[in-house]
Amino acid sequence: MSGEDQERFEDYLELEQYIEQLQAGRVAHPPAELTPSQANIYRMAALFRSASPEASEPRPEFAADLQARLEQELQQRPRPASQPQSAQRKKEQKKLHYVSRRALLTGGAAVAASLVVGAGVGSAIEHVVEQPGAANTKDPWAGQLIAAGVPTTWHFVTTLSELGDSAVRFATDTVVGYVILNDGDENSKDKGKIIAISAACTHMGCIVQWQDSDRKYHCPCHGGLFSEYGNIDSRSPIPYIRPLPRFNTKVVDGKIYVEVPLKSAAPTTQDWK
Amino acid sequence: MSTLHNNQGQSHLARAERGIAGMQVTRREEGVQEFQTFYQENLSLIYRYVFSKVGNREEAEDLTSQIFIKAIRGIDTERGPQSMQKWLFQVARTTIADYWRVYYRVSVNSLEELLEAGWEGPAEEEPAAISRRPLERVQRILRALPEHYREVLTCRFLLNLSIKDTALRLSLTEANVKVLQFRALKRAAELEPITTGAL
């Protein structure tokens, strides 16, 4: 043993806890105040974890979401040179063509992207200002959570009897969201309604996490806060522009369903080789 | 298939007819297509690289997204896939370094030393070398370890066994396993530069 570190009993326990968290697929961070040699141990644990059967490849739905988000980002980048006026019309045609082709290619994934891409909001506005009168004043994703014409399906989430007062998370191949029962504390006329929201933060699209302790959704990327029904929380450090968008819901025989984009159109694993 | 070819042929013709005005649009769309290829070629590399640094899916996804979003904002699609990939990995390294600054609360100086020593991946190497499958790196380290260390790490990480099952399998107490895995990872960290240096 090197003289650098005296091994303590707690060190073994802390490492074991860290490994257990990773094995359970949870987020884990090493304990505070590590020596460089201890830090190396945790770094090794993370490396070895990535060799586990569970690690391997990115999930296809993650890959699709991110791709669509990046494409939107790419489209909204400022142009390197100013567009000649005469090209404007053709560009619009081209653009429309492009959108439909993308919708065709990535299907539900592109739709999922629209929810995930909160990033679009801010930059889309800039874009419109930049080119007044262009076709994109009508953002194809604005307002509508699921674009018209996209096939949807009713995804079963939970039952009324199981739905307590916490948010219940659900994930399909195309979207991640939460279902929560409105207990009327924000607006009494909504009391008793089932609310389904998209978990993709409207800022950058990170997946927000429900916390029971304060009954809010926390965005892991920038610490933003949404209230239990997905509205922008007044204490949010990020001044979001939009609340979390909602899905349609229905209750049949006490079972709660959420209308989500159909998964069959999403790319399969093969597309990401 | 032949219909597809036809369509493509027509669209090429149409592009040509659009002349200079249309050129930029076409360029732009090609940029998007290039980007798609680029994305598909690099997503797994980046994801595996990030996963090997954080060890869990949720953060691996978050950081992978951050890396691509940051990268795309500064990316120059004109410069060809190789320099784009270099740029992407540069962003990946700085993102991982930032992650460690937040979560590895080592004294600042020693963390900076660790980072300089290539903790987030050697700065000079080709992206392909840095992202060399973590699995492969793990295998190399495992082969270099003494047998009892190799066994315990294999059980805990490759086979994903609980501490209890590992103890049973290796005929040890759980307390033994905790000590053993600690020392095995420590030894692995010491071996790592040697095993990667041997490449």
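In short, a report on the structure. Treat the numbers as computed from the prediction; the structure is a model and nothing was measured.

Cut-offs used in this document
- Residues numbered from 1 in each chain as written.
- Chains lettered and ligands numbered in written order.
- Predicted model: local features only at pLDDT ≥ 70, side-chain atom pairs only at ≥ 80, totals over all residues.
- Helix = DSSP H or I, 4+ residues; strand = E, 2+ residues; numbered from the N terminus.
- Buried ≥ 20, exposed ≤ 12 C-beta atoms within 10 Å, placed from the backbone.
- Contact = placed C-beta atoms within 7 Å.
- Pairing = 2+ DSSP bridges.
- Expected span 1.5 Å × (residues − 1).
- Nonpolar A, V, L, I, M, F, W, Y, C, P; charged D, E, K, R; others polar.

### Quick word on the overall build of chain B
Counting its secondary structure elements, chain B contains nine helices and zero strands. Secondary structure elements of chain B, listed N to C terminal, follow the sequence α-α-α-α-α-α-α-α-α. Split into buried and exposed, the 199 residues of chain B put 35% on the buried side. Counting only contacts in chain B whose residues sit at least 6 apart along the sequence, the fraction spanning at least 24 positions is 56%.

### Observations concerning the sheet that holds strand β6 (residues 216-218) of chain A
Residues and elements named next belong to chain A. Spatially, β5-β6-β7 is the arrangement adopted by the three strands of the open sheet, whose pairing is antiparallel. Of all strands in the sheet, those bounded by a partner on one side alone are β5 (209-211) and β7 (225-226). Pairing of β6 with β7, which is carried by two bridges, proceeds in the antiparallel orientation. Considered in β7, the bridge of His 218 is made with Leu 225.

### Notes on helix α2 (residues 57-74) of chain B
Residues that lie three or four places apart on an α-helix share one face, since the helix turns once every 3.6 residues. Between its first and last C-alpha atoms α2 of chain B spans 26 Å; for 18 residues at 1.5 Å apiece the expected length is 26 Å, and the two agree. Among the residues making up α2 of chain B, those that are buried are Glu 59, Ala 60, Glu 61, Asp 62, Leu 63, Thr 64, Ser 65, Ile 67, Phe 68, Ala 71 and Ile 72 of chain B.

### With respect to the interface of chain B and chain A
At the junction of the two partners, chain B supplies 55 residues and chain A supplies 60 residues. Mapped by element, the contributors of at least two residues to the side of chain B that touches chain A are α1 (2-54), α2, α4 (108-116), α6 (134-144), α7 (147-158) and α9 (174-197) of chain B. Of the residues forming the side of chain B that touches chain A, the biggest block, 18 residues, is contributed by α1 of chain B. In terms of residue class, the side of chain B that touches chain A is made up of 29 nonpolar, 12 polar and 14 charged.

### Considering the pairing of strand β10 (residues 255-261) of chain A
All names here are of chain A. For β10, the buried fraction is high: five of the seven residues fall into the buried class. Direction of pairing for strand β1 (residues 152-159) relative to β10: antiparallel, over a ladder of seven bridges. Note on β10: the bridge partner recorded for Trp 154 is Glu 259. By the bridge criterion, four bridges tie strand β9 (residues 249-252) to β10 in an arrangement that is antiparallel. Considered in β10, the bridge of Thr 249 is made with Val 258.

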